[in-house]
Amino acid sequence: MEIFDCIAAVARPIHDFGDAFMSDGATAAIGLRAGFPPGRGFYCRGRFGVLGEAPTAVVQAVQGFLGPHLVAAGWTAGRPVMPAEQAAACYAGAVRTWGRAHIPADVDVEHFNRLAQQLIDAADADALPLFAGWRAQPCPGDDPVGAAMQRLHVLREHRGACHLVAVRRCGLSARAAMVVNLGAEQAARYGWQEPQPVDAAGIPRWQRAERLTDELQAPLYATLTGGQRTEFARLVDALTASPTP
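This one's a predicted model, so the numbers in the text were calculated from it and none came from an experiment.

Colleague: Can you tell me about the packing of helix α1 (residues 3-23) against helix α13 (residues 226-239), naming the residues and giving the values?
Modeller: At a minimum axis distance of 9 Å, the contact between α1 and α13 shows a crossing angle of 20°. By the angle between their directions, the pair α1 and α13 is classed as roughly parallel. Note that α1 runs across α13; the crossing there is left-handed. Where α1 approaches α13, its residues I3, C6, A9, V10, P13, I14 and F17 are matched on the opposing element by R229, F232, A233, V236 and L239. When the residues that make up the contact of α1 with α13 are grouped by side-chain class, the tally is 11 nonpolar, no polar and 1 charged.

Colleague: Run through the pattern of salt bridges, naming residues and quoting values.
Modeller: Evaluation of the coordinates by the stated rule reveals 7 salt bridges. Two residues, R234 and E231, come together in a salt bridge whose shortest N-O distance is 2.9 Å. One end of the pair is R234 and the other is E231, both in helix α13 and 3 residues apart, which spans about a single turn. Accessibility expressed as a relative area gives 44% for R234, which makes it partly exposed.

Colleague: Quick rundown of the packing of α1 against helix α9 (residues 144-169)? Include the residues and the values.
Modeller: Running from N to C, α1 and α9 cross one another at 110°; their axes reach a closest spacing of 9 Å. Taken together, the axes of α1 and α9 lie roughly perpendicular to each other. Pair α1 / α9 crosses with left-handed handedness. The segment α1 lies against α9, with I7, A11, I14, H15, F17, G18, D19, F21 and M22 engaging M149, L152, H153, R156 and R159. Of the residues belonging to the contact of α1 with α9, the class tally is 8 nonpolar, 3 polar and 3 charged.

Colleague: Describe the side chain of T240, listing the residues and the values that go with them.
Modeller: Among the secondary structure elements, T240 is positioned in the segment after α13. Judged by its relative accessible area of 13%, T240 falls in the buried class. Each residue touching T240, except ones within four places of it in the same chain, is listed here: P13, F17 and L152.

The rules behind the values
Residues numbered from 1 in each chain as written. Predicted model: local features only at pLDDT ≥ 70, side-chain atom pairs only at ≥ 80, totals over all residues. Heavy atoms only, no water. Axes fitted to C-alpha atoms, helices over the stretch in contact; angles between N-to-C directions. Helix = DSSP H or I, 4+ residues; strand = E, 2+ residues; numbered from the N terminus. Parallel < 35°, antiparallel > 145°, perpendicular 65-115°, else oblique. Left-handed = near helix turned anticlockwise from the far one by under 90°. Contact = heavy atoms within 4.5 Å. Nonpolar A, V, L, I, M, F, W, Y, C, P; charged D, E, K, R; others polar. Salt bridge = Lys/Arg side-chain N within 4 Å of Asp/Glu carboxyl O. Buried < 20%, exposed > 50% of the residue type's maximum accessible area, 1.4 Å probe, protein only.

Written out as structure tokens, the structure is:
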């Protein structure tokens, strides 16, 4: 399989499987049991906790695609519950728990883990701090299924961080990119207040950003052989095939 064919095959399944984890009530319940209040506190403090005790404005700048008020409210609500490093570890545990509940039992997760780790190790993290933080998050060796889900999450963060770079390089704001991609109504669900439709010039810019995102990811996939890329795409498809238990 060619590099860009592999990227195209795995990008959407990895994104959507991660979305399913993030939006699942079972994930929110882990946060509630850990002491986080209802709302976005666990999500924001957990996902962005790998950045350390950063000011809210820094977290907003690094994550990019969520509305600033949503991030501010979640990060502030989660701060009294536990330190950022501990929250990130708790969120990583939730990632692995969700993976154990949703990854099909017949997937060769050991093979997936080897290929995924090769991709993760090959990444240049310059200008991608959220990915760098998640790559540095410990991944246990005695939980292969949970580790597979955590590696999926890390790869998802890589593409998301690359996409934010690409969007800004192509002259779009993160808000505009969300509106082009999802529509104004859906963008509002991601915390953007009263998002306005984007003018026609925004669409080709977003399309260029999608292509640039693929190009930024290409060096990772170049480290795999054609056969390994075929295997990786097959494994991602199998691993993400069942978003419900």
